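Structural description and commentary
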Amino acid sequence: MIDNLPYRQVGVEDARAGGILCVADHASNYVPDDIQLGIDPKLLNAHIAVDIGVGGMADRLARKHGLPAHIATVSRLVCDLHRKENEAAVVPSESDGHLIPGNIGADLAMRLERFHRPYHTALGKLIDRLQPRLILALHSFTPSLETSDETRPWEVGLLYNQDDRAARHAIRLFGEQGLTVGDNEPYSGKQLNATMDRHAEARGIPYCTVEIRQDQVNTAAGQSRWATLLADIMGRVALEV
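Predicted, not measured: the structure shown is a model, and the values here were computed from it.

Time to look at the overall build of the protein. Check the secondary structure of the protein and you find five helices and nine strands. Counting from the amino terminus, the protein carries its helices and strands in the arrangement β-β-α-β-β-β-α-β-β-α-β-α-β-α. Here the C-alpha atoms of the protein give a radius of gyration of 17 Å, agreeing with the 18 Å that 2.2 N^0.38 yields for 241 residues. In terms of principal-axis extent, the alpha carbons of the protein reach across some 45 × 40 × 35 Å. Carbon and sulfur atoms form 47% of the exposed surface of the protein, whose accessible area is close to 10500 Å². Between the centroid of the 25 positive side chains of the protein and the centroid of its 32 negative side chains there is a distance of 5 Å.

Take a look at the structure:
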């Protein structure tokens, strides 16, 4: 965390209004020293702690492709910024079969005040200033869950709740790249869309919640390739919505 803030913003100072804004809720596996989760430290490099590859892609989108980015700097195991304040999973006590002992009986009010509210307040102010034409909510997903035998065939998925304007274009464009594209898969935006419900749908701003399978972006080369592809496709989507 920089200056004890649960987010960092890249490429926002000179960003033009009416462009594309990238938001990365699960980009970090950082746990502050004064919070003890009580888990094997190896799990901090797993998907339950961080969306693998997302931080690198968001930085590349901002620094190389001109898409300003609002990027989380704290692990979702400390406070899940992509959950509503009143959801139990905002401070998860378990994830994909792993118990998070340090979160049982945790000070929820403190976590919300320290992490969740500053993150979303800053994002709201940034959206007010930039008035983006399109928001890209960037996530990644594990090829398979430890608690399931099912494999996930999609290389990329588009999630949405009520507003699917941008997602429809993106699904088509990714498909034209020869990719296997999930339509509200591997998760449904009807159930998991907290950040875009609050900051995009509530404002009437078109958005794409993009989930990329982590074996596509677990290397610097993969992140670079996908950042280039995302910049191209999101730019084309923005012209259509």
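Packing of helix α3 (residues 165-176) against helix α5 (residues 220-240) leaves a shortest axis separation of 9 Å and a crossing angle of 135°. As judged from the angle between their axes, α3 and α5 are oblique. In this structure, α3 crosses over α5, and the sense of that crossing is right-handed. Packed against α3, whose contacting residues are Ala-166, His-169, Ala-170, Leu-173, Phe-174 and Glu-176, the element α5 presents Trp-226, Leu-229, Leu-230, Ile-233, Met-234, Arg-236, Val-237 and Glu-240 at the interface. Here the residues of the contact of α3 with α5 sort into 10 nonpolar, one polar and three charged.

In terms of nonpolar packing, the biggest core is built from 75 residues, with Phe-174, Trp-226 and Met-234 touching the most fellow members. Here the element with the most residues in this core is α5; it accounts for nine residues. What Phe-174 contacts, discounting residues up to four positions off in sequence, is Val-156, Leu-158, Leu-179, Val-181, Trp-226, Leu-229, Leu-230, Ile-233 and Met-234.

On to the side chain of Glu-211, then. Residue placement: Glu-211 occurs in strand β9 (residues 207-213). An unpaired buried charge is present at Glu-211: no salt bridge exists, and Arg-152, the closest side chain of opposite charge, is 7.1 Å distant. Apart from residues no more than four positions distant in its own chain, Glu-211 is found in contact with His-139, Ser-140, Phe-141, Glu-155, Val-156, Gly-157, Leu-159, Pro-186 and Tyr-187.

Cut-offs and rules
The residue numbering used here restarts from 1 in each chain and proceeds along that chain's sequence as written. Selection of residues for local features in this predicted model requires a pLDDT of at least 70, selection of side-chain atom pairs for listing and counting requires 80 or more, and totals for whole chains, interfaces and linings are taken over all residues. The basis for every side-chain value is the complete set of heavy atoms in the structure, and neither hydrogens nor water enter the calculation. Put simply, DSSP marks the helices as runs of H or I at least four residues long and the strands as runs of E at least two long, and each gets a number from the N terminus on. Note that the radius of gyration is over C-alpha atoms, with the globule rule given as 2.2 Å times the number of residues to the power 0.38. The accessible surface values rely on the Shrake-Rupley method and a 1.4 Å probe; as for residues, cover is taken only from the protein chains in view. We treat Lys and Arg as the positive residues and Asp and Glu as the negative residues; His and chain ends play no part in the count. All charge positions are set by atom: Lys at NZ, Arg at CZ, Asp at CG, Glu at CD. Axis lines are fitted through C-alpha atoms, for helices just across the contact stretch, and the angle between N-to-C directions can take any value from 0 to 180 degrees. By definition in this entry, angles of less than 35 degrees are roughly parallel, angles greater than 145 are roughly antiparallel, angles of 65 to 115 are roughly perpendicular, and the rest are oblique. Here is the rule for handedness: rotate from the far helix to the near one, and if that takes an anticlockwise turn smaller than a right angle the crossing is left-handed, while a clockwise turn gives right-handed. In what follows, residue pairs with any heavy atoms lying within 4.5 Å of each other are defined as contacts. All residues other than Ala, Val, Leu, Ile, Met, Phe, Trp, Tyr, Cys, Pro, Asp, Glu, Lys and Arg, Gly among them, are scored as polar; the first ten of these are nonpolar and the last four charged. For this analysis, a nonpolar core means a set of buried residues of the types Ala, Val, Leu, Ile, Met, Phe, Trp, Tyr and Cys, connected via side-chain atoms within 4.5 Å. Remark: exposure states derive from per-residue accessible area (1.4 Å probe, protein chains only) relative to the maximum for the residue type, with buried under 20%, exposed over 50%, and partly exposed in between. Take a side-chain nitrogen of Lys or Arg and a carboxyl oxygen of Asp or Glu: if they are within 4 Å of each other, that pair is a salt bridge.

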